[in-house]
Amino acid sequence: MNINYVLLAGLWIIWCAMHSGMIWITVTDALKRQLGNYFRFYRVFFNAVAIVTIIPVILYGRSLHTPVIFRWEGFMIVFRVMLLLLGMLLFLAGARHYDMLQFLGLRQIKTRSSRGALSASGHLHTSGILRITRHPWYLGALLLLWTGDLNVSTLIGNIILTLYLIVGTVLEERKLVLEYGEEYRRYQKQVSMLVPFKYLTSVMR
């Protein structure tokens, strides 16, 4: 195997591991104890590190100039547009229930709090798109990830990021169970984690 591809895969894995490690419950709980009131700045720091560190990985992958192995063309462009629109719709629909200032980390700084919920109220929301899938942003990201043409570099990145998003969703579920308890467990039984099988089954009955 080309050493450049091995290095690229390693860089993506390192980025995913670092990204997950920074929000691991054990890590964040320890930082809360150590930083005290200053922990409210952590989300902004986390987002900044994620952006700054992913840029060189993307640039390195693009610098390899590998040949295209799959291209959206002909009638397939229709499916590509559908995936793009569905992915963007999931992000827009999710944004109606999530607090963007909380997601960016600005709400924590303003309110001097460090709650984990992304909703503006801090309560569990289960309406709108959240009645169809529990994680519209994760699902949207998965769809958008595969809407581009593929070469070896992008295929490596997409596979690793797909696995990362799925694992990240599972880890997020554990945090939400800890935060909301039995209320979230009931929600899990009613709505699918990503692909809305439960919703589609109920509609088709």
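A brief structural summary. Note that the structure is predicted; figures quoted are calculated from it, not measured.

### Let's talk about the overall build of the chain
- A tally of helices and strands in the chain yields ten helices and two strands.
- Reading the chain from its N terminus to its C terminus gives the helix and strand order α-α-α-β-α-α-α-α-β-α-α-α.
- Once the C-alpha set of the chain is aligned to its principal axes, its extents read approximately 50 × 50 × 25 Å.
- For the chain, the residues scored as buried account for 36% of the 205 residues in total.
- Within the chain, contacts between residues at least 6 apart in sequence are counted, and of these 75% link residues at least 24 apart.
- Counting only carbon and sulfur atoms, one obtains 69% of the accessible surface of the chain, whose full area is about 12,600 Å².
- When the 21 basic and 9 acidic side-chain charges of the chain are each reduced to a single mean position, those positions are 4 Å apart.

### Quick notes on the packing of helix α7 (residues 136-145) against helix α8 (residues 152-180)
- With their axes 10 Å apart at the nearest point, α7 and α8 run at an angle of 175° to one another. Between α7 and α8, the angle falls in the class roughly antiparallel. Contacts from Tyr 138, Ala 141, Leu 142 and Leu 145 in α7 reach Asn 158, Leu 161, Thr 162, Leu 165, Gly 168, Thr 169 and Glu 172 in α8.
- Looking at the contact of α7 with α8 residue by residue, the classes come out as six nonpolar, four polar and one charged.

### Overview of the nonpolar core
- Counting 18 residues, the largest nonpolar core has Leu 90, Leu 124, Ile 129, Leu 130, Tyr 180, Tyr 184 and Tyr 187 as the members making the most contacts within it.
- Sorting the residues of this core by element identifies α4 (76-95), α7, α8 and α9 (182-190) as the ones contributing at least two each.
- With near-sequence residues (within four places) excluded, Leu 124 lies in contact with Tyr 180, Glu 183, Tyr 184 and Tyr 187.
- If you look at the next biggest cluster of nonpolar residues, it comprises 15 residues, including Trp 15, Ala 50, Val 57 and Leu 161.

### Considering the packing of aromatic side chains
- This structure, assessed with the given rule, holds nine aromatic pairs.
- With a centroid separation of 5.3 Å and an interplanar angle of 80°, the aromatic rings of Phe 70 and Trp 72 are classed as edge-to-face.
- Owing to a relative accessible area of 30%, Phe 70 belongs among the partly exposed residues under this scheme.
- Looking at Trp 72, the relative accessible area reads 11%, which means it is buried.
- A ring pair is formed by Tyr 98 and Trp 137, whose centres lie 4.7 Å apart and whose planes are at 75°; its orientation type is edge-to-face. Of the two residues, Tyr 98 is situated in the loop between α4 and α5 (100-104) and Trp 137 in helix α7; the sequence distance between them amounts to 39 residues. Comparing Tyr 98 with Trp 137, the two get one shared label, buried.
- Every member of this aromatic cluster is reached through a ring pair, and the members are Trp 12, Trp 15 and Tyr 164.

Cut-off values and rules
Residues numbered from 1 in each chain as written. Predicted model: local features only at pLDDT ≥ 70, side-chain atom pairs only at ≥ 80, totals over all residues. Heavy atoms only, no water. Helix = DSSP H or I, 4+ residues; strand = E, 2+ residues; numbered from the N terminus. Buried < 20%, exposed > 50% of the residue type's maximum accessible area, 1.4 Å probe, protein only. Contact = heavy atoms within 4.5 Å. Areas by Shrake-Rupley, 256 points an atom, 1.4 Å probe, with all protein chains shown as cover. Lys, Arg positive; Asp, Glu negative; His and termini not counted. Charge placed at Lys NZ, Arg CZ, Asp CG, Glu CD. Axes fitted to C-alpha atoms, helices over the stretch in contact; angles between N-to-C directions. Parallel < 35°, antiparallel > 145°, perpendicular 65-115°, else oblique. Nonpolar A, V, L, I, M, F, W, Y, C, P; charged D, E, K, R; others polar. Core = buried A, V, L, I, M, F, W, Y, C linked by side-chain atoms within 4.5 Å. Phe/Tyr/Trp six-rings, centres within 6.5 Å; stacked < 30°, edge-to-face > 60°.

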